[in-house]
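Survey of secondary and tertiary structure
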Amino acid sequence: MKIGSLNIGMGLIMAPMAGVTGFPFRRITHRLGADLVCTEMISAAALSRSPKICEPYLPHPMDARPISAQIFGAHPGEMAKAAAFLSERDVDLIDINMGCPVKKVIRSGSGAALLRDIHHAACVVRSVVRATPLPVTLKYRSGWDSETLCAVEMARMAESEGVAAVILHPRTKTQGFGGRSAWEHIEKVKAAVTIPVIGNGDIKTPEDAAEMFRRTGCDGIMIGRAALGDPWIFDRIRTYLLTGDVPPRPSPAEIHAVLRDQLTCEVELSGEARAVFKMRKFASWYSRGLPASTAFRDRINHVLTYEDFLGEMESFFLKINEPVKSPAFNGKTGSCHRSACES
Ligand SMILES: Cc1cc2nc3c(=O)[nH]c(=O)nc-3n(C[C@H](O)[C@H](O)[C@H](O)COP(=O)(O)O)c2cc1C
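Looking now at the overall build of the protein. Within the protein one finds 14 helices and 11 strands. For the protein, whose C-alpha radius of gyration is 19 Å, the value lies close to the compact-globule estimate of 20 Å for 343 residues. Taking the principal axes of its C-alpha atoms as reference, the protein extends roughly 55 × 45 × 35 Å. Looking at the protein as a whole, 52% of its 343 residues are labelled buried. Sequence-distant contacts, at least 24 apart, represent 71% of the contacts inside the protein between residues at least 6 apart.

See the structure below:
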């Protein structure tokens, strides 16, 4: 698929996730088959006040390309400033967040709050499109609640304002992450616009990915929670779409190597204390479905140093001889939906 003139391969896209899709995890998902990776959401207000505070959330010079930078905000001027700032960095796309349901974001009129006022949403989109030479995408939800669904209207608005592709997570703001992701909304959006449509929501397996393409006619798919602890899912989806076969899940030794790589990269980037704290949740995700993982999670949650982290990982992953059976994803992420750059 293409977004503007940018080639996105088979359109297998890593979803932006606050507290997750920093440089170390982006690097891994790209290596394991994601065609496009994205920063976590960056506050336009914070970025226009003090880019230095936002530095840890910005694209990294060593990021694999293509990469998209996601911004959120309610003020057209701040959003334009943020888009212009990011366009000077190593970025290929600017993504606007109109889906975040987090209270703090909604209170500022940003994220999913913009779904309640399509005219203001259009002003925000217009200001971003005008401020950057890069293609702009819009990631949004189906509406504020089930009474005010607006997936098609938002997509039409985006297309007429010059947005290059839309990404729909077809839940409402009030649904949060509960209930069902209504893929039929993606199908309706696809029928209503000519720009590429990326479908998102509840893809857990390669078969789900194929079904999303088949049922909705979407041009690309975006995967979030299923990649937590299982970035190999991109590779499995690619193989399944190309051959009809699903490759086996990685061995505990392969999981260990990837987790170790991510931990080391995180330590170099954020320092030992922050990295160890942040990587505990990743270690839990990577250990899901493996024997004695509950005891491993308990131990890892008390680890304070890089060396001890490595030791715990080694004595857990490298002592397992069984292949990994169950999928890592159970729809639960713990409490990590947070961004220090939320402002
Ligand atoms: C921990 C977490 C953090 C998230 N952070 C963001 C974010 O920063 N920006 C965004 O647009 N969506 C964010 N999302 C939503 C995902 O990008 C995605 O739309 C949603 O999880 C549905 O896809 P999935 O069913 O594949 O997980 C987040 C989701 C989770 C679970």
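Lining the immediate environment of the ligand, one finds 25 residues, of which Ala15, Met17, Met41, Gly224 and Arg225 sit closest. Partitioning the shell around the ligand into residue classes produces 11 nonpolar, 10 polar and 4 charged.

What follows is about the domain arrangement of the protein. If you check the domain split of the protein, you get domain 1 (2-243) and domain 2 (252-317). Computed from C-alpha coordinates alone, the two centres of domain 1 and domain 2 are separated by 28 Å. Of the residues lining the interface, 8 residues belong to domain 1; the matching set on domain 2 comes to 10 residues. The residue inventory of the side of domain 1 that touches domain 2, partitioned by class, reads 6 nonpolar, 1 polar and 1 charged.

This part takes up the nonpolar core. Ile71, Val128, Val166 and Ile221 are the most contacted members of the largest nonpolar core, which has 107 residues in total. Here this core gets 7 residues from one element, more than from any other, and that element is helix H12 (residues 272-287). Residues from two domains meet in this core; each of domain 1 (2-243) and domain 2 (252-317) gives at least three. Setting aside residues no more than four positions away along its own chain, Val166 makes contact with Thr137, Leu138, Ala155, Ala158, Val189, Val193, Ile195 and Val197.

This part takes up the pairing of strand S7 (residues 93-98). Residues in a regular strand point their side chains to alternate faces of the sheet. Among the 6 residues that make up S7, 6 are buried, leaving the element largely enclosed by the rest of the structure. Neither face of S7 is exposed, since Leu93, Asp95 and Asn97 on one face and Ile94, Ile96 and Met98 on the opposite face are all buried. Across 4 bridges, the pairing between strand S6 (residues 67-72) and S7 is parallel. For Gln70, the partnering residue across the bridge sits in S7 and is Asp95. Sheet topology places S7 next to strand S8 (residues 136-143); 5 bridges connect them, and they run parallel. By the bridge assignment for S8, Ile96 is matched with Leu138.

Of the two faces of strand S10 (residues 197-200), the one holding Val197 and Gly199 and the one holding Ile198 and Asn200 are both buried throughout. Taken together, the 3 bridges between strand S9 (residues 165-172) and S10 define a ladder with parallel strand orientation. Among the inter-strand pairings, Leu168 is bridged to a residue of S10, identified as Gly199. One crossover worth recording links S9 to the parallel S10 by way of helix H8 (residues 183-192), and it is right-handed.

With 16 residues, H12 extends 21 Å from end C-alpha to end C-alpha; this agrees with the ideal 22 Å at 1.5 Å per step. For H12, the set of buried residues is Ala275, Val276, Lys278, Met279, Lys281, Phe282, Ala283, Trp285, Tyr286 and Ser287. Where H12 is buried, its residues meet helix H11 (252-270), helix H13 (293-300) and helix H14 (306-317). Taken from the residues just after H12, Gly289 is the one with a positive phi, measuring 85°.

Thresholds applied
Throughout this description, residue numbers start from 1 for each chain and increase along the sequence as written. At least 70 in pLDDT is required for a residue's local features to be given in this predicted model, at least 80 for side-chain atom pairs to be given and counted, and no such filter applies to totals for whole chains, interfaces and linings, which use all residues. Put simply, DSSP H or I for four residues or longer makes a helix, DSSP E for two residues or longer makes a strand, and each gets a number counted from the N terminus. Throughout, the radius of gyration refers to the C-alpha atoms, and the reference size of a globule is 2.2 Å times the residue count to the power 0.38. Put plainly, a residue is buried at 20 or more neighbouring C-beta atoms within 10 Å of its own, exposed at 12 or fewer, and partly exposed in between, counting only other residues' C-beta atoms, which are placed from the backbone. Here, residues touch in the contact sense if the C-beta positions derived from the backbone fall within 7 Å of one another. We call a residue near a molecule or strand when its C-beta atom, built from the backbone, sits within 6 Å of it. Gly is put with the polar residues, along with every residue not named as nonpolar or charged; the nonpolar set is Ala, Val, Leu, Ile, Met, Phe, Trp, Tyr, Cys and Pro, and the charged set is Asp, Glu, Lys and Arg. Segmentation of the chain into domains, including their bounds, is taken from an automatic or database domain assignment. We define the nonpolar core as any set of buried residues of the types Ala, Val, Leu, Ile, Met, Phe, Trp, Tyr and Cys, connected via C-beta atoms lying within 7 Å of each other. Between any two strands, at least two bridges found by DSSP are needed for them to pair. Note on handedness: a crossover is taken as right-handed if, strands pointing away from the viewer, the path from the first strand over the helix to the second is clockwise. Working rule for helices: expected span equals 1.5 Å times residues minus one.

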